[in-house]
Amino acid sequence: MEKKQIVIGYEDFRELIEKGYYYVDKSHMIKELLDRTDKVNLFTRPRRFGKTLNLSMLRRFFEFEMDEDGEKIDNRNLFEGLKISSCGQTYLSHQQQYPVINLSLKSAKQPNYSLAYTMLKREIAAEYDRHRYVLSCQKLTEKEKDQYQGIMGLGEDPALYIDSLKFLSACLSKYHSENVIILIDEYDVPLENAWASGFYEEMITFIRSLFESALKTNPHLEFAVITGCLRISRESIFTGLNNLAIHSILSPGYTDAFGFTENEVKRMLT
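Just so we're clear, the structure is a prediction, and the values are computed from it rather than from any experiment.

Once that is clear, we can look at the packing of aromatic side chains. In the structure shown here, the tally under the stated rule is 14 aromatic pairs. Their ring planes at 90° and their centres at 4.8 Å tell us that F43 and Y254 sit as a pair that is edge-to-face. Residue F43 is found in strand β1 (residues 40–44), and its partner Y254 is found in the loop between β5 (244–247) and α11 (262–269); the two are separated by 211 residues along the sequence. Considered together, F43 and Y254 belong to a single accessibility category, that of buried residues. Seen in terms of ring centroids, Y117 and F206 are 5.3 Å apart; in terms of plane orientation they differ by 90°. Their pairing is edge-to-face. Here the residue Y117 occupies a position in helix α5 (residues 113–130), and F206 occupies one in helix α9 (residues 200–215), the gap between them amounting to 89 residues. By relative accessible area, F206 is classed as buried at 5%. Ring-pair connections join several aromatic residues into one group, and the members of that group are F13, Y23, F61, F62, F79, Y98 and F223.

Right under this line is the structure:
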């Protein structure tokens with residue numbers, strides 16, 4: 001049997017699987033997420049521990065993904081032979097059932113607030129564009145459609161963006177009649193960079209509003225997974241968020257969901 005190629009730099013789960021590259025199976029993380037039922041999960045791990053790839057894997061499993069024409073994309077084949085596929089119908093019944101908001105904040109590493117804020121707006125607008133099929137939903141009012149198009153079109157009003165994840169959740173929930181899963185990668189990059197570059201107060205105000213509206217006062221949230229390298233204090237951006245479960249590298253849960261165990265390295269080398 002031909003040995004699979006081990007590659008680096010790939011962050012899209014679907015690309016790894018479809019190209020037949022070696023993939024260290026972390027799909028058991030899905031079972032643990034569903035078993036623990038924490039509403040908001042914060043995972044802090046060092047760089048190169050597979051955080052982005054894991055979020056991509058979660059998205060491909062849970063998302064009721066639609067293409068530009070509003071047709072469903074079937075990702076079930078990506079999980080054939082992986083651990084989650086043998087966990088039973090209780091877990092597989094969640095596959096491809098939810099709208100998913102997937103956002104990376106790494107582009108906010110900029111020298112000033114104006115550029116960092118602009119890059120965050122672009123990331124949010126791109127996620128709106130990915131879900132633009134919701135504009136065909138008859139349940140959305142004309143006012144809601146105008147607001148949606150304003151955000152997607154990079155409107156100038158800052159008020160459009162401070163609760164944009166909560167608003168997108170509401171629109172997706174109306175379309176799919178399901179609550180939304182929110183995945184946020186590199187959540188700490190805007191704040192770490194802003195602290196070092198001298199515009200922390202401006203950035204923390206925006207990030208706090210964005211996160212609190214999406215994660216604390218969002219009736220359309222099924223659950224959320226957030227990843228980063230640093231643990232930013234709960235008081236700074238998660239004030240009053242009583243449903244936050246923090247999983248650091250020292251936490252007992254999810255111990256083998258990030259990085260490589262000794263047995264996994266041995267399997268790759270043999």
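Right, picking up where we left off after that structure.
Bringing helix α7 (residues 164–176) into the picture now. Compared with an ideal rise of 1.5 Å per residue, which puts 13 residues at 18 Å, α7 spans 18 Å between its outermost C-alpha atoms and is within 8% of the ideal. The buried fraction of α7 amounts to 10 of the 13 residues, a majority that puts the element mostly inside the structure. Three or more residues of α7 are buried, namely S164, L165, F167, L168, S169, A170, C171, L172, S173 and H176. On its buried face, α7 sits against β2 (100–104), α5, α6 (142–152), β3 (180–185) and α9. S177 lies just past α7 and shows a positive phi near 55°.

A side chain of one charge can pair with a side chain of the opposite charge when the charged atoms of the two come close. Inspection of the entire model under this criterion finds 16 salt bridges. For R36, the salt bridge is made with D38, and the minimal N-O distance between the two is 3.5 Å. For R36, a relative accessible area of 36% gives the class partly exposed. Overall, the relative accessible area of 22% leaves D38 in the partly exposed class. Among the salt bridges present, the one from R59 reaches E63, with a minimum N-O distance of 2.8 Å. Per residue, the accessibility class of R59 equals that of E63, and both read buried. One network of salt bridges, with partners in common, ties together D12, R14, R59, R60, E63, E65, E127 and R130.

A separate point is the side chain of E186. Here E186 lies in the loop between β3 and α8 (189–197). Classification of E186 as buried rests on a relative accessible area of 15%. For E186, the contacting residues outside a window of four places in its chain are R47, L105, K106, T227 and G228.

Time to look at the state of the cysteines. Per the counting criterion, the structure on display carries 0 disulfides. Left without a disulfide partner, C171 is nearest to the cysteine sulfur of C137, which lies 8.4 Å away.

Moving on, we come to the environment of R76. Looking at where R76 falls in the secondary structure, it is placed in the loop between α3 (51–62) and α4 (89–92). For R76 and R60, which are 16 residues apart along the polypeptide, the C-alpha to C-alpha distance reads 8.4 Å. Look past the residues within four positions of R76 in its chain and what remains in contact with it is Q95 and Q96. Among the polar contacts made by the side chain of R76, one reaches the side chain of D74 at a distance of 2.7 Å.

As a further point, take the packing of α5 against α7. Following both chains from N to C, one finds α5 and α7 inclined at 5°, their axes separated by 11 Å at the closest point. The angle between α5 and α7 places the two elements in the roughly parallel class. For the pair formed by α5 and α7, the contact residues are I124, E127 and Y128 on the first element and S164, F167 and L168 on the second. The class makeup of the residues in the contact of α5 with α7 is 4 nonpolar, 1 polar and 1 charged.

Packed helices, taken two at a time, are described by the angle their axes make and the gap between the axes. It is at 10 Å that the axes of α5 and α9 come closest, and there the two elements cross at 20°. Overall, the two elements α5 and α9 adopt an arrangement that is roughly parallel. Handedness of the α5/α9 crossing: right-handed. Seen from α5, the contacting residues are Y113, A116, Y117, L120 and I124; seen from α9, they are E202, M203, F206, I207 and L210.

Another aspect to go through is the sheet that holds β1. Within a sheet, neighbouring strands are paired by backbone hydrogen bonds and run either parallel or antiparallel to one another. Spatially, 5 strands are ordered β2-β3-β4-β1-β5 in an open sheet, and the strand pairing comes out parallel. The open sheet has two edge strands with one neighbour each: β2 and β5. Strand-to-strand, the axes of this sheet are offset by a mean angle of 15°, without reference to chain direction. Pairing of β1 with strand β4 (residues 221–228), which is carried by 5 bridges, proceeds in the parallel orientation. Residue pairing in the sheet places N41 in a bridge with V225 of β4.

Conventions and cut-offs
The residue numbers shown here count from 1 along each chain, following its written sequence. For this predicted model, a pLDDT threshold of at least 70 governs which residues receive local features, and a threshold of 80 or more governs which side-chain atom pairs are given and counted, while totals over whole chains, interfaces and linings are taken from all residues. For side-chain calculations, the full set of non-hydrogen atoms in the structure is used, while hydrogens and water are omitted. We call Phe, Tyr and Trp rings a pair once their centres come within 6.5 Å, taking the six-membered ring for Trp, and we label the pair stacked below 30 degrees between planes, edge-to-face above 60, and tilted otherwise. Helix and strand assignments follow DSSP, with helices taken as H or I runs no shorter than four residues and strands as E runs no shorter than two, numbered in order from the N terminus. The cut-offs for exposure are 20% and 50% of the maximum accessible area for each residue type, with area from a 1.4 Å probe on protein chains only; residues under the lower value are buried, those over the upper are exposed, and the others partly exposed. Expected span, for any helix, means 1.5 Å times one less than how many residues it has. In this description, contact between two residues means that some pair of their heavy atoms is separated by no more than 4.5 Å. A carboxyl oxygen of Asp or Glu within 4 Å of a side-chain nitrogen of Lys or Arg is what we treat as a salt bridge. A pair of sulfur atoms, both from cysteines and within 2.5 Å, is called a disulfide here. Under this definition, polar contacts are N or O atom pairs within 3.5 Å; protein pairs additionally need one hydrogen-donor-capable and one acceptor-capable atom, and for neighbouring residues in sequence, both atoms have to be side-chain atoms. Note on geometry: axes are lines fitted to C-alpha atoms, helical ones only across the stretch in contact, with angles between N-to-C directions running from 0 to 180 degrees. Orientation categories follow fixed angle ranges, with anything under 35 degrees roughly parallel, anything over 145 roughly antiparallel, 65 to 115 roughly perpendicular, and all other angles oblique. The classification used treats Ala, Val, Leu, Ile, Met, Phe, Trp, Tyr, Cys and Pro as nonpolar, Asp, Glu, Lys and Arg as charged, and all other residues, Gly among them, as polar. Should the near helix be turned counterclockwise from the far one by less than a right angle, the crossing is left-handed, whereas a clockwise turn marks it as right-handed. Two strands are said to pair when DSSP picks up at least two bridges between them.

In short, the description is geometric, and any link to function would need to be established separately.
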